[in-house]
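# Geometric and topological summary
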Amino acid sequence: MTSIFFATDVHGSDICWKKFVSAAKFYEADIIILGGDMTGKAIVPIIHQGGNTYKVVLLQQESILEGEEQLEEMVKKIKSRGYYPYRTTPDEINELNAKPERVDEIFSSEVLKTAEQWLAYADQKLEGTGIRCFVAPGNDDMFELDDLIRTSKHIELGEGRVIELDSHHEMISSGWSNITPWHTFREEDEDKLRTRYEAMISQLKDVGTSIFNIHVPPYGSTLDEAPELDQNLRPTYGGRAIVPVGSHAVRAVIEEYQPLLGLFGHIHEAKGTTRLGRTLCINPGSMYEQGRLLGALINLGRNKIKNYILTTG
């Protein structure tokens, strides 16, 4: 039997990444898989006010910090919520307002610096354990992340590959999604997605015992239900209108090839499981902003899933 722990959409949360790495030992899993959207979405400036005083606005709440102890507590809080703390000055803030392209440069630098720290942490914790770890960057993750992951000693890049998990199970992975309103790094139309998946599927020895680790869920599977948005990207009817936003291409390849297991993410609020034919499909959901790691522990038999459970920790 092979035991897998799967989580997704940690979006820069320090605490969720550390929980993910620790999950292997905690759940006695042989393999841990992160399904996409590893990186965060925003920088939080920590503005030096002179002396040992700093000002920060987090979640629309302004705080004045006095001394290094309060500063470090705030840095930890920002990182836990999936943002990137950035120490700066009023003069630099004025410069960034005048040159917004510099903000993108700083953001990219902070993303990659944090990811490098995460990989070093994982390499240290996984050293000598024999645990395998796979990451497939999601649609929100910049492409530079792929080359950084390739430098890790113990984390394997999953994107676009067929990976042999054990003597009976292979896995394909992709973090690309169908088109979103946010124009993220890795998204494309359904025909191209289908071609992307078929290129990997064609290399599988036995698709019936394989795992499809695909970031975007299948369309209309209940694992892809999200609030309907208006033209200003605001939820309609106060968020009470729910619509499917998953991929038709993913649904098509699941229905046609019937892998043993489908692992998905992307839609944080759509936590759950369902079956499409014989394929067990799982979206563990995400609560990264609360510092909670949602996941799934799956035990694989030779030709079947022996058992599984959704986890919160």
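Residues numbered from 1 in each chain as written. Predicted model: local features only at pLDDT ≥ 70, side-chain atom pairs only at ≥ 80, totals over all residues. Heavy atoms only, no water.

### Some remarks on the sheet that holds strand 14 (residues 261-263)
Read across the sheet, six strands follow the order 9-10-11-14-16-15 without closing on themselves; strand pairing throughout is mixed. Looking at strand neighbours, the two that pair on one side only are strand 9 (162-164) and strand 15 (272-276), the edges of this open sheet. Averaged over all pairs of adjacent strands, the angle between their axes in this sheet comes to 20°, without regard to strand direction. Of the pairings in the sheet, the one linking strand 11 (residues 211-214) to strand 14 comprises three bridges and is parallel in character. The residue of strand 14 that forms the bridge with Phe212 is Gly262. Where helix 6 (residues 190-201) meets the sheet, it contacts strand 9, strand 10 (170-174) and strand 11, and its direction lies at approximately 160° from that of strand 10. (Pairing = 2+ DSSP bridges. Helix = DSSP H or I, 4+ residues; strand = E, 2+ residues; numbered from the N terminus. Axes fitted to C-alpha atoms, helices over the stretch in contact; angles between N-to-C directions. Contact = heavy atoms within 4.5 Å.)

### Re the pattern of salt bridges
Tallied over the full model, the rule gives 16 salt bridges. Through salt bridges that share partners, Glu68, Glu72 and Arg87 make up one connected network. (Salt bridge = Lys/Arg side-chain N within 4 Å of Asp/Glu carboxyl O.)

### Quick look at the pairing of strand 17 (residues 294-300)
Across the seven residues that make up strand 17, a large majority, seven, are buried. Residues Leu294, Ala296, Ile298 and Leu300 of strand 17 are buried on one face, and the alternating residues Gly295, Leu297 and Asn299, pointing to the opposite face, are buried as well. When strand 1 (residues 2-7) meets strand 17, the two strands line up antiparallel, connected through six bridges. Opposite Phe6, over in strand 17, you have Ala296 as the bridge partner. (Buried < 20%, exposed > 50% of the residue type's maximum accessible area, 1.4 Å probe, protein only.)

### Quick word on the sheet that holds strand 5 (residues 61-66)
Strands sit in the order 5-4-3-6 across an open sheet of four strands; the sheet is mixed. Two strands close off the open sheet at either side, each with one partner strand: strand 5 and strand 6 (84-88). Along the sheet, successive strands turn relative to each other by an average axial angle of 25°, direction set aside. In this structure, strand 3 (residues 43-50) lies alongside strand 6, joined through five bridges in parallel fashion. By the bridge assignment, Ile47 is partnered in strand 6 with Thr88. Helix 2 (residues 67-80) rests against strand 3, strand 4 (53-58), strand 5 and strand 6 of the sheet, and its axis sits at about 145° to strand 5. The strands that helix 4 (residues 101-126) touches are strand 3 and strand 6; relative to strand 6, the one it contacts most, it runs at about 125°.

### Details of the packing of aromatic side chains
Here the structure, examined in full by the defined rule, presents six aromatic pairs. Relative to Tyr27, the ring of Phe5 has its centre 5.1 Å away and its plane inclined at 10°; by these criteria the two rings are stacked. One end of the pair, Phe5, is in strand 1; the other, Tyr27, is in helix 1 (residues 14-27), with 22 residues separating them in the sequence. For Phe5, a relative accessible area of 1% gives the class buried. (Phe/Tyr/Trp six-rings, centres within 6.5 Å; stacked < 30°, edge-to-face > 60°.)

### Some words on the nonpolar core
With 29 residues, the main nonpolar core has Phe5, Trp17, Phe20, Leu34, Met38 and Ile155 as its most contacted residues. Mapped by element, the contributors of at least two residues to this core are strand 1, helix 1, strand 2 (31-34), helix 4, strand 7 (132-135), helix 5 (144-150) and strand 8 (155-157). Ignoring any residue separated from it by four or fewer positions in sequence, one finds Met38 in contact with Val10, His11, Gly12, Trp17, Trp118, Leu119, Val135, Asp141 and Leu145. (Core = buried A, V, L, I, M, F, W, Y, C linked by side-chain atoms within 4.5 Å.)

So, to be careful, I would describe these as geometric facts and stop short of saying anything about function.
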